[in-house]
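# Fold and geometry: a report
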Number of protein chains: 2
Amino acid sequence: MAGRDYGQYDGVTRALELVGERWALLIVRDLLVGPRRYGELAAGLPRIPSNVLAARLKELQEAGVIRRAPRSRVIVYELTPYGRELEPLVLGLGAWGFKALGDPREEQVVTPDAMTIALRTAFRAQIAASLPATAYAARLGPAELLIRVDGPELDVRRGDGPVDLAFAAGPGIRRLISGELAPRLAIESGVVEVLRGPGELLGRFADTFHLAA
Amino acid sequence: MAGRDYGQYDGVTRALELVGERWALLIVRDLLVGPRRYGELAAGLPRIPSNVLAARLKELQEAGVIRRAPRSRVIVYELTPYGRELEPLVLGLGAWGFKALGDPREEQVVTPDAMTIALRTAFRAQIAASLPATAYAARLGPAELLIRVDGPELDVRRGDGPVDLAFAAGPGIRRLISGELAPRLAIESGVVEVLRGPGELLGRFADTFHLAA
DNA sequence: CCGCATCCCATGTGATACTG
DNA sequence: CAGTATCACATGGGATGCGG
């Protein structure tokens, strides 16, 4: 059984019993990006103790949120359909928490999966639909992401490749996403460093990915 | 400071730092119904230890989610605008958890605030808009609720009063809301007991409040 | 009496070490 | 690589105390 119960009978309480334990929703967040092996999850959650990761994986399985799947000799964890229904909730949490994001503390880490979800959170499909298909390569701290926008579709994966615009940015990119910092200024101030391609495309990026602060 | 941090820099993590601690979202849930005094919160969360309630209230304040407000000699806690932005998330959690709600265990309690939020979760405004304004009095376990639906507007408050339909129900009402149990059968089987008014109105109720299972 | 604070103990968490 | 085992410690749970 998952987390200790609250002694109440209602949907919110039930949900918290299933995914309200510490670390649980961060595991779900990473699995929303794709199936992951135990070690990959551990790498994406650097500060989770291995025993807690093992416990959560067990609980989430019993809750019907994730499942162990054998994939050609290795085990991966993946969301069940019921677990995947958490996507709008996780994205909503991300949008809500984004507004309270200050500057990163020294100890804080940026992981590829977290950034992928952040991009999905900020993605404005209806805006993107009216823009030309564009591919970006973004180096966000230690995360290298290949971002392809095609109409209202978004595809984010790890790695680099041939793209229309490649750029690197630190945490200051938050202010670009929130609209506090104009694309031009982001480049001029060095918050965003254009590696390849025309810098003007950063404007399109900022139009495509936006979250109010 | 709120809960211990996870060492990551992203919106989901930030959100969980602010409202991810045990009991925190249940406090938010109850405050979504209206401002509450300390004792009212404690009554609505029967199993929360007083020290934990006090700690959470302090943390949620520092997180900017709630605020203490003096109301004519007494202190009430209420959501800040930022805290109120959690409403869709809490309702979403409720809808998600509803699907995993089995039958209540012996120890589990039903509180008025939790039921109020459950009704908001299940409310279908667009359906209600096409139905005549209706008032219901529902006795759900120990919770007595006065439910007024007027077009796309829903108002739920405690107490009884003059209504079109008054009924009492046990936890079996879950199956009415999920559509597993037809209104007629609910009455015939005794799951719902009509106290006043025409039983046919229970059909309208079931149309207005619905959550897929 | 309401709004907490204190105390004590059970349990969950965190860091590290260890094993199949 | 994929977990288990161990142990110190922080937090949660329950009862009780107490000042305004």
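Residues numbered from 1 in each chain as written. Chains lettered and ligands numbered in written order. Predicted model: local features only at pLDDT ≥ 70, side-chain atom pairs only at ≥ 80, totals over all residues. Heavy atoms only, no water.

### Let's talk about the relation of the copies chain A and chain B
Superposing chain A onto chain B takes a rotation of 180° plus a shift of 0.0 Å along the axis, which leaves an RMSD of 0.0 Å. The operation mapping one copy onto its partner corresponds to a two-fold rotation axis. Nearest to the rotation axis, the C-alpha of A:Leu89 is located 3.1 Å from it, this being the minimum over chain A. (Least-squares fit on C-alpha atoms with pLDDT ≥ 70 in both.)

### A closer look at the interface of chain A and chain B
Taken residue by residue, the interface counts 55 residues in chain A and 55 residues in chain B. Considering only the surface of chain A that becomes buried against chain B, A:Tyr6, A:Tyr9 and A:Trp96 emerge as the three largest contributors, covering 20% of it. Along the contact surface separating chain A from chain B lie eight salt bridges. A salt bridge links A:Arg105 to B:Glu17; the shortest N-O distance between them is 3.8 Å. At the surface where chain A touches chain B, the tally comes to 28 residue pairs in polar contact (both at pLDDT 80 or more). Among the elements of the structure, α1 (11–19), α2 (24–33), α6 (87–98) and α7 (112–122) of chain A are those that each provide at least two residues to the side of chain A that touches chain B. Top element by residues in the side of chain A that touches chain B is α1(A). It accounts for nine residues. (Contact = heavy atoms within 4.5 Å. Buried area = accessible area lost by both parts, 1.4 Å probe. Salt bridge = Lys/Arg side-chain N within 4 Å of Asp/Glu carboxyl O. Polar contact = N/O pair within 3.5 Å; in protein donor to acceptor, adjacent residues only side chain to side chain. Helix = DSSP H or I, 4+ residues; strand = E, 2+ residues; numbered from the N terminus.)

### Thoughts on the protein's contact with DNA strand D
Close to DNA strand D lie 20 residues, the nearest being A:Arg37, A:Ser50, A:Arg68, B:Arg22 and B:Arg56. Counting only atoms of DNA strand D within 4 Å of the protein, the fraction found in sugar and phosphate groups is 65%. With respect to DNA strand D, the backbone of A:Gly39 contributes an N or O atom lying 3.0 Å from a phosphate oxygen. One nitrogen or oxygen atom from the side chain of B:Trp23 is found 2.8 Å from a phosphate oxygen belonging to DNA strand D. When the residues that make up the surface near DNA strand D are grouped by side-chain class, the tally is six nonpolar, five polar and nine charged. (Near = heavy atom within 4 Å. Nonpolar A, V, L, I, M, F, W, Y, C, P; charged D, E, K, R; others polar.)

### Some thoughts on the packing of α6(A) against α7(A)
Residue and element names in this part refer to chain A. Orientation of α6 relative to α7, taken along the N-to-C sense of each, is 90°, at an axis distance of 9 Å. By the angle class used here, α6 and α7 are roughly perpendicular. When α6 is examined against α7, the residues Glu 87, Leu 91, Gly 94 and Ala 95 are found in contact with a partner set consisting of Ile 117, Arg 120 and Thr 121. Looking at the contact of α6 with α7 residue by residue, the class counts come to three nonpolar, two polar and two charged. (Axes fitted to C-alpha atoms, helices over the stretch in contact; angles between N-to-C directions. Parallel < 35°, antiparallel > 145°, perpendicular 65-115°, else oblique.)

### Considerations on unusual backbone geometry
The phi dihedral of A:Ser72 is positive, around 45°, even though this residue is not glycine. If you trace the backbone, A:Ser72 turns up in the loop between β1 (66–71) and β2 (74–79). The exposure class assigned to A:Ser72 is exposed, which follows from its relative accessible area of 68%. The residue B:Trp23 is not glycine, and still its phi comes out positive at about 80°. Looking at where B:Trp23 falls in the secondary structure, it is placed in the loop between α1 (11–19) and α2 (24–33). (Buried < 20%, exposed > 50% of the residue type's maximum accessible area, 1.4 Å probe, protein only.)

### Things to note about helix α6 (residues 87–98) of chain B
Taking 1.5 Å of rise per residue, the twelve residues of α6(B) would be expected to cover 16 Å, and the 16 Å separating its terminal C-alpha atoms lies within 8% of that figure. Among the twelve residues in α6(B), nine count as buried, and that is most of the element. Those residues of α6(B) that sit buried are B:Leu89, B:Val90, B:Leu91, B:Leu93, B:Gly94, B:Ala95, B:Trp96, B:Gly97 and B:Phe98. For α6(B), the elements touching its buried residues are α1, α5 (81–84) and α6 of chain A together with α2, α7 (112–122) and α9 (173–177) of chain B. (Expected span 1.5 Å × (residues − 1).)

### Describing the protein's contact with DNA strand C
The immediate surroundings of DNA strand C are formed by 20 residues, with A:Arg22, A:Arg56, B:Gly39, B:Ser50 and B:Tyr77 found nearest. When the atoms of DNA strand C within 4 Å of the protein are sorted by group, sugar and phosphate make up 67%. A:Trp23 is positioned such that a nitrogen or oxygen atom in its side chain is 3.0 Å from a phosphate oxygen of DNA strand C. Within the side chain of B:Arg37, one N or O atom sits 3.1 Å away from a phosphate oxygen of DNA strand C. Counting only elements with at least two residues in the surface near DNA strand C, the list comes to α4 (50–62) of chain A together with α3 (38–44) and α4 (50–62) of chain B. Grouping the constituent residues of the surface near DNA strand C by class yields six nonpolar, five polar and nine charged.

### A few points about the nonpolar core
The biggest cluster of nonpolar side chains holds 66 residues, and the ones touching the most others in it are A:Val65, A:Trp96, B:Val65 and B:Trp96. When sequence neighbours within four positions are dropped, the list of residues in contact with A:Trp96 reads B:Ala15, B:Leu18, B:Val19, B:Val65, B:Tyr82, B:Glu85, B:Leu86 and B:Leu89. Grouped together as the second largest cluster of nonpolar side chains are 32 residues, A:Tyr9, B:Val156, B:Leu165 and B:Ala169 included. (Core = buried A, V, L, I, M, F, W, Y, C linked by side-chain atoms within 4.5 Å.)

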